[in-house]
Amino acid sequence: MKRVSIIGKGKSEPAPAQGGGVNTFFTHKPPVQSAKKKLLFSLPVDVAEKLSDVYYELKKARKAIDKSDIVALALTALLEDYKSKKEHSVLYKHSSR
């Protein structure tokens, strides 16, 4: 049986399996990301330019956000507005044109 160093571990542990190892200090788990689905949309030129303007303004202010995140937040707000207001929502009024 191999000798196991107990320096910094606070207790003795059994020897690691052959070819394996024990990593007690660096048990870092990557952050869990929400599932995303890639979609393709066409935007009017003026809306795409406004999106780019806002994105670069936030980037200049050192805010970490993607264009996809901006679009997701905007759609979420629009859909919540529709869900709560129905016929009086921006989406409903725009779709009735």
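Residues numbered from 1 in each chain as written. Predicted model: local features only at pLDDT ≥ 70, side-chain atom pairs only at ≥ 80, totals over all residues. Heavy atoms only, no water.

Asks: Mind laying out the overall build of the protein, listing which residues take part and the relevant values?
Replies: Counting its regular elements, the protein contains three helices and zero strands. What you see in the protein, going N to C, is helices and strands ordered as α-α-α. The 97 residues of the protein split such that 7% are buried. Within the protein, counting contacts between residues at least 6 apart in sequence, those at least 24 apart form 3% of the total. Here the protein has roughly 9600 Å² of accessible surface; of this, 59% comes from carbon and sulfur atoms. (Helix = DSSP H or I, 4+ residues; strand = E, 2+ residues; numbered from the N terminus. Buried < 20%, exposed > 50% of the residue type's maximum accessible area, 1.4 Å probe, protein only. Contact = heavy atoms within 4.5 Å. Areas by Shrake-Rupley, 256 points an atom, 1.4 Å probe, with all protein chains shown as cover.)

Asks: Kindly report on the packing of aromatic side chains, identifying the contributing residues and their values.
Replies: Considering all chains together, one arrives at one aromatic pair under this definition. A ring pair is formed by Y55 and Y56, whose centres lie 5.1 Å apart and whose planes are at 65 degrees; its orientation type is edge-to-face. On the basis of relative accessibility, which here comes to 48%, the residue Y56 falls in the partly exposed class. (Phe/Tyr/Trp six-rings, centres within 6.5 Å; stacked < 30°, edge-to-face > 60°.)

Asks: Please provide a residue-by-residue account of the layout of surface pockets, values included.
Replies: There is about 970 Å³ of room inside the largest pocket. Looking at the lining of the largest pocket, the elements that each hand over two or more residues are α1 (45-60) and α2 (67-85). A per-class count over the lining of the largest pocket returns 14 nonpolar, two polar and seven charged. (1 Å grid on protein atoms, 1.4 Å probe; cavity = no way out; pocket = protein on both sides within 12 Å on 5 of 7 lines; lining within 4 Å. Points joined across faces, edges and corners; volume = space filled by probe spheres on them. Nonpolar A, V, L, I, M, F, W, Y, C, P; charged D, E, K, R; others polar.)

Asks: Can you lay out the packing of α1 against α2 for me, pointing to particular residues and giving the numbers?
Replies: Interaxial distance between α1 and α2 falls to 10 Å at its minimum, and their mutual angle equals 115 degrees. Between α1 and α2 lies a crossing of right-handed hand. Of the residues in α2, those touching α1 at L51, S52, V54, Y55 and L58 are K67, I70 and V71. When the residues that make up the contact of α1 with α2 are grouped by side-chain class, the tally is six nonpolar, one polar and one charged. (Axes fitted to C-alpha atoms, helices over the stretch in contact; angles between N-to-C directions. Left-handed = near helix turned anticlockwise from the far one by under 90°.)

Asks: Residues and numbers for the pattern of salt bridges, please.
Replies: Applying the stated criterion across every chain yields a total of two salt bridges. The partner of D69 in a salt bridge is K36, with the nearest N and O atoms 3.8 Å apart. On the criterion of sequence distance, the pair formed by D69 in helix α2 and K36 in the segment before α1 is long-range, its members being 33 residues apart. Given a relative accessible area of 28%, D69 falls into the partly exposed group. Put simply, D81 and K85 hold a salt bridge, and the shortest N to O gap is 3.2 Å. One end of the pair, D81, and the other, K85, are both in helix α2, four residues apart, so they sit about a helical turn from each other. The exposure class assigned to D81 is buried, which follows from its relative accessible area of 16%. Judged by its relative accessible area of 43%, K85 falls in the partly exposed class. (Salt bridge = Lys/Arg side-chain N within 4 Å of Asp/Glu carboxyl O.)

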